[in-house]
Amino acid sequence: ETKKYPVLYHLHGMGELFSWMKREVLWTAVQLEKANISIIVAAPHDFTLASMWVDGDSVQMAKILHEQFIPEIETKYSIEGDRSSRFLQGFSMGGFGAALHGYKYQDKFGKIIVWDGELHDWDTLNASKKFIARDQFSNDQVNFHLWCPWAAARASSEVRKIRGTPLFMVSGSLKQTKKLTENYKLLLTSHGACLTHTADKRLAHSLQPFMKAY
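Residues numbered from 1 in each chain as written. Predicted model: local features only at pLDDT ≥ 70, side-chain atom pairs only at ≥ 80, totals over all residues. Heavy atoms only, no water.

**Focus on the overall build of the protein chain**
Check the secondary structure of the protein chain and you find 9 helices and 6 strands. On C-alpha atoms alone, the protein chain measures out to a radius of gyration of 16 Å, which is about the 17 Å that the 2.2 N^0.38 rule sets for 214 residues. Burial analysis of the protein chain (214 residues in total) assigns 49% to the buried set. Considering only contacts in the protein chain between residues 6 or more positions apart, those separated by 24 or more positions represent 73%. Accessible surface computed for the protein chain: about 10,200 Å², of which carbon and sulfur atoms make up 52%. Taking the average location of the 26 positive side-chain charges in the protein chain and that of its 22 negative ones, the two points are 6 Å from each other. (Helix = DSSP H or I, 4+ residues; strand = E, 2+ residues; numbered from the N terminus. Rg over C-alpha atoms; globule rule 2.2 N^0.38 Å. Buried < 20%, exposed > 50% of the residue type's maximum accessible area, 1.4 Å probe, protein only. Contact = heavy atoms within 4.5 Å. Areas by Shrake-Rupley, 256 points an atom, 1.4 Å probe, with all protein chains shown as cover. Lys, Arg positive; Asp, Glu negative; His and termini not counted. Charge placed at Lys NZ, Arg CZ, Asp CG, Glu CD.)

Below, the structure written as structure tokens:
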């Protein structure tokens, strides 16, 4: 009888080449092995390096994730395949994607993990990443709200499902992601989310120290 395993999907950060993404998978796998946790770690690569993991003008990464990558992984490997054994984590830009997809597709993921996430709202995205607002969202706030973790959390709260998906967030020493995480925490808290948040100023903006610490 073939043993089946839970799966952790990892979404990488902005600007990360394929080799960098592989390194993040390795860091994750090493810590899971040290904790004696048997789980498959799988990570898609955003070839545009700046998709925010959404369906936008330059690339439809959400469609790739849900219609191609996840079905391929769960067909090819011996995975349990139910919500309670399927987890989603993201680092930096991937944290934006993890919070978005975790709440937008709550029927798929049992837990969300955000490592030093770039949890932008429309104003902060325009202030620091104008090229993404232009290339992925056509400089249109309505398009952004279709694919942002803020709107996904609010929608989940409206149908009283937000407490059903635990979210673990850790921010580090980078001021921007620390502030974005704090702002998102306020939203989640106001909507009754099942949330654990830690601000750890010891941690530089790289996945490895987060994995070693937590």
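**Considering the sheet that holds strand β1 (residues 7–11)**
The 6 strands are arranged β2-β1-β3-β4-β5-β6 in an open sheet whose pairing can be described as parallel. The outermost strands of the open sheet, each flanked by one partner alone, are β2 (40–42) and β6 (195–199). Strand-to-strand twist of the sheet, defined as the mean angle between neighbouring strand axes without regard to direction, takes the value 15°. With 4 bridges connecting them, strand β4 (residues 111–115) and strand β5 (residues 167–171) associate as parallel partners. From the neighbouring strand, V114 faces β5, where its bridge partner is M169. (Pairing = 2+ DSSP bridges. Axes fitted to C-alpha atoms, helices over the stretch in contact; angles between N-to-C directions.)

**Looking at unusual backbone geometry**
With the exception of glycine, the majority of residues adopt a negative phi angle, and the majority of peptide bonds are in the trans configuration. Look at W53: it is not a glycine, yet its phi comes out positive at around 65°. Here W53 shows up in the loop between β2 and α2 (61–76). On the accessibility criterion, W53 (0% relative accessible area) is buried.

**A word on the side chain of Q106**
Tracing the chain through its elements places Q106 in the loop between α3 (93–104) and β4. At 2.9 Å, the side chain of Q106 and the backbone oxygen of K161 are in polar contact. Setting aside anything within four residues of it in sequence, one finds Q106 in contact with R83, S156, K161, I162, G164 and T165. (Polar contact = N/O pair within 3.5 Å; in protein donor to acceptor, adjacent residues only side chain to side chain.)

**Some points on α3**
When the terminal C-alpha atoms of α3 are compared, their 17 Å separation across 12 residues agrees well with the 16 Å that a helix rising 1.5 Å per residue should span. By the criterion of burial, α3 is predominantly enclosed, with 11 of the 12 residues buried. Every buried residue of α3 is accounted for by M93, G94, G95, F96, G97, A98, A99, L100, H101, G102 and Y103. (Expected span 1.5 Å × (residues − 1).)

**Comments concerning the packing of helix α7 (residues 149–158) against helix α8 (residues 175–190)**
Relative orientation of the contacting elements α7 and α8 amounts to 15°, with a least axis distance of 10 Å. With respect to each other, α7 and α8 are oriented roughly parallel. The chirality of how α7 crosses α8 is right-handed. Contact residues: α7 offers P149, W150, A153 and R154, while α8 offers N183, Y184, L187 and L188. The residue inventory of the contact of α7 with α8, partitioned by class, reads 6 nonpolar, 1 polar and 1 charged. (Parallel < 35°, antiparallel > 145°, perpendicular 65-115°, else oblique. Left-handed = near helix turned anticlockwise from the far one by under 90°. Nonpolar A, V, L, I, M, F, W, Y, C, P; charged D, E, K, R; others polar.)

**Concerning the pairing of strand β3 (residues 86–91)**
Burial of β3 is extensive: 5 of the 6 residues sit out of reach of the surface. In this sheet, β4 lies alongside β3 in parallel orientation, the contact comprising 5 bridges. The residue bridging L88 from the neighbouring strand is I112, located in β4. Taken together, β3, α3 and β4 constitute a β-α-β crossover, and its handedness is right-handed. (Right-handed = clockwise from strand over helix to strand, strands pointing away.)

**Things to note about the environment of L17**
Turning to its location among the elements, L17 is positioned in the loop between β1 and α1 (18–34). For L17, the contacting residues outside a window of four places in its chain are H45 and L49.

**A closer look at the packing of α3 against α7**
At a minimum axis separation of 8 Å, α3 and α7 run at an interaxial angle of 25°. The orientation of α3 relative to α7 falls into the category roughly parallel. Seen from above, α3 lies across α7 with left-handed handedness. Across the interface between the two elements, F96, A99, L100, Y103 and K104 of α3 pack against P149, A152, A153 and S156 of α7.

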